[in-house]
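Structural overview
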Amino acid sequence: MENILVIGAAGQIGSELVIELRKRFGGPQVFATDIKQASEDVVIGGPFEILDVLDSNRLIHFVIRHKITQIYHLAAVLSGNAEKIPLQAWEINMRSLMNILELAKEVDAIKKVFWPSSIAVFGPSTPRFNTPQYTITEPNTVYGISKLAGERWIEYYYNRYGVDVRSIRYPGLISYKTEAGGGTTDYAVEIFFDAVREGKYTSFLSEGSKLPMMFMEDAIKATIDLMEADEENLSIHSSYNVAGISFDPQELADEIKKHIPEFEIDYKPDFRQAIADSWPASIEDSVAKADWGLNYKYGLSELTEVMLEGVRKKLG
Ligand code: SER
């Protein structure tokens with residue numbers, strides 16, 4: 001029997017991952033935690049506790065008390081926010097990961113860990129289109145540097161201590177249940193809320209800023225598929241490229257206009273433009289497809305339809 005700990009259960013990924021894990025493994029088996037209160041469906045569907053991943057003493061007691069066998073560590077400061085508080089972001093992103101890696105090394109019952117990496121590990125010197133799995137990684141953001149360092153550490157723990165950590169370089173994630181916070185790809189979430197609420201959106205990225213993106217349902221499925229894959233099929237112990245779909249703000253706005261003809265977009269790029277410019281426009285993900293069968297359901301038109309429907313429901 002699996003007992004699964006999710007750290008960051010109130011966040012954009014965690015709030016949906018917990019629900020899906022509980023469907024598969026049972027409500028009481030999935031322990032949702034965060035430093036802030038989670039959404040109601042996370043709290044009522046199974047155990048939820050306030051827990052700070054930086055508090056290593058409490059963390060180890062929690063893991064032993066609940067006989068945890070798998071950890072999904074999702075807590076992080078995202079790219080935009082990290083630029084405002086570089087040293088704190090580094091401290092939070094790295095120390096939380098090191099706490100989890102040490103825990104997984106010391107506690108035999110923990111068989112697997114998931115930790116997300118990001119397209120942010122790439123930088124301005126990386127080939128921008130069809131970015132390969134193995135390529136130049138010279139990130140110039142605090143968030144990207146922390147993700148790249150994290151990738152090196154998880155591979156180190158795998159090789160040196162046999163800690164089975166699995167990871168995806170997520171593209172921008174799009175969802176309506178919980179809004180993202182402080183990321184560069186967040187425009188692709190905000191645009192839907194503003195489209196429904198106001199019929200217009202001011203984008204903080206320029207019209208041609210093409211970035212890889214993915215609908216949350218596809219991301220959750222990919223994450224669990226990777227965690228369920230046989231270890232011997234996995235050739236990457238840093239983090240897997242996952243492409244999703246690539247589009248820019250203008251293409252997304254055009255798609256929204258098919259549903260809301262009067263929708264208008266204008267552009268006021270801010271400091272996040274430089275971050276977006278340093279990231280790939282599209283990703284090559286054949287290794288993930290070959291190793292663990294990565295696949296997608298949502299293209300741009302499906303994603304737009306489901307997002308508009310979801311946001312309308314959420315806003316009542
Ligand atoms: N979506 C994240 C961000 O924009 C990238 O991993 O920060």
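Here we summarise the structure given alongside this text. Worth saying up front: this structure is predicted, and the values here are computed from it rather than measured.

The rules behind the values
Along each chain, the written sequence defines residue order, and numbers are assigned to residues from 1. Thresholds applied to this predicted model are a pLDDT of at least 70 for local features of residues and 80 or more for the giving and counting of side-chain atom pairs; totals over whole chains, interfaces and linings are not thresholded and use all residues. Computation of side-chain values covers all heavy atoms of the structure but excludes hydrogens and water. At least two DSSP bridges between two strands are required for those strands to pair. For helices the rule is a DSSP run of H or I covering at least 4 residues; for strands it is a run of E covering at least 2, with both sets numbered from the N terminus onward. Axis lines are fitted to C-alpha atoms, over the contacting stretch for helices. Their N-to-C directions set the angle, which ranges from 0 to 180 degrees. By definition in these notes, contact holds between two residues if any of their heavy atoms fall within 4.5 Å. Salt bridges are defined as contacts in which a side-chain nitrogen from Lys or Arg sits within 4 Å of a carboxyl oxygen from Asp or Glu. Residue exposure (1.4 Å probe, protein chains only): buried if accessible area is under 20% of the type maximum, exposed if over 50%, otherwise partly exposed. Without a salt bridge and with relative accessible area above 30%, a residue can belong to a patch; like charges are then joined within 9 Å and nonpolar side chains (Val, Leu, Ile, Met, Phe, Trp, Tyr) within 5 Å. A 1.4 Å probe and the Shrake-Rupley method give the accessible areas. Residues count as covered only by the protein chains that appear here. We call two N or O atoms a polar contact when they sit within 3.5 Å, provided that within protein one can donate a hydrogen and the other can accept it, with sequence-adjacent residues counted only if both atoms are side-chain atoms. Between rings of Phe, Tyr and Trp, where Trp is taken as its six-membered ring, a pair exists when centres lie within 6.5 Å; planes separated by under 30 degrees are stacked, by over 60 edge-to-face, and by other angles tilted. Criterion for a charge above a ring: Arg CZ or Lys NZ at most 6 Å from the ring centre, at most 35 degrees from the ring normal.

Some words on the sheet that holds strand 13 (residues 245-247)
Pairing between the strands of a sheet is mediated by backbone hydrogen bonds and can be parallel or antiparallel. As summarised here, the arrangement of the three strands in space is 9-11-13, forming an open sheet in which the pairing is mixed. Sheet topology places strand 9 (172-174) and strand 13 at the edges, where each strand pairs with a single neighbour. Looking at each pair of strands side by side, their axes are set apart by 45° on average, direction ignored. In the sheet, strand 9 pairs with strand 11 (residues 211-215) via three bridges, with the strands oriented parallel. Opposite glycine 172, over in strand 11, you have methionine 213 as the bridge partner. Against the sheet, helix 8 (residues 216-228) touches strand 9 and strand 11, its axis set at about 80° to strand 11.

As for the pattern of salt bridges
Enumeration over the complete set of coordinates arrives at 18 salt bridges. Between arginine 152 and glutamate 155 there is a salt bridge whose closest N-O contact spans 3.2 Å. With arginine 152 and glutamate 155 both in helix 6 (residues 142-161) and three residues apart, the pair spans about one turn of that helix. Exposure remark for arginine 152: the relative accessible area of 43% places this residue in the partly exposed category. The residue aspartate 194 makes a salt bridge to arginine 197 at a minimum N-O spacing of 3.3 Å. Of this pair, aspartate 194 and arginine 197 are both found in helix 7 (residues 187-198), three residues apart, which corresponds to roughly one turn of the helix. Shared partners join several salt bridges into a network, and the residues in it are Glu20, Lys23 and Arg24.

What to know about a nonpolar patch on the surface
Where nonpolar side chains cluster on the molecular surface, the patch consists of Trp153, Tyr156 and Tyr161 and spans about 280 Å² of accessible area. Note on placement: tyrosine 156 falls in helix 6.

What to know about the environment of histidine 61
Position of histidine 61 relative to the elements: it lies in helix 3 (residues 56-65). Note on histidine 61: relative accessible area 53%, which makes it exposed. Separated by 136 residues in sequence, histidine 61 and arginine 197 place their C-alpha atoms 45 Å apart. Separated by 3.0 Å, the side chain of histidine 61 and the backbone oxygen of asparagine 57 make a polar contact.

Observations concerning the packing of aromatic side chains
With the rule as written, the count across this model stands at 10 aromatic pairs. With 5.8 Å between their ring centres and 35° between their planes, tyrosine 72 and phenylalanine 114 make a pair best called tilted. Of this pair, tyrosine 72 sits in strand 4 (residues 70-73) while phenylalanine 114 sits in strand 5 (residues 112-114), and the two are 42 residues apart along the sequence. Like phenylalanine 114, tyrosine 72 is buried. Relative to tyrosine 170, the ring of phenylalanine 114 lies with its centre 6.1 Å away and its plane at 50°, an arrangement referred to as tilted. A residue pair is termed long-range when its members are at least 10 positions apart, and phenylalanine 114 in strand 5 and tyrosine 170 in strand 8 (residues 168-170) qualify at 56 residues. Judged on exposure class, the residue phenylalanine 114 and its partner tyrosine 170 are both buried. Through a chain of ring-to-ring contacts, three or more aromatic side chains come together here, namely Trp153, Tyr156, Tyr157 and Tyr161. Over the ring of tyrosine 161 we find lysine 105; its NZ or CZ atom is 4.7 Å from the centre of that ring. One residue, arginine 272, lies across the ring of phenylalanine 204, its end atom 3.5 Å from the ring centre.

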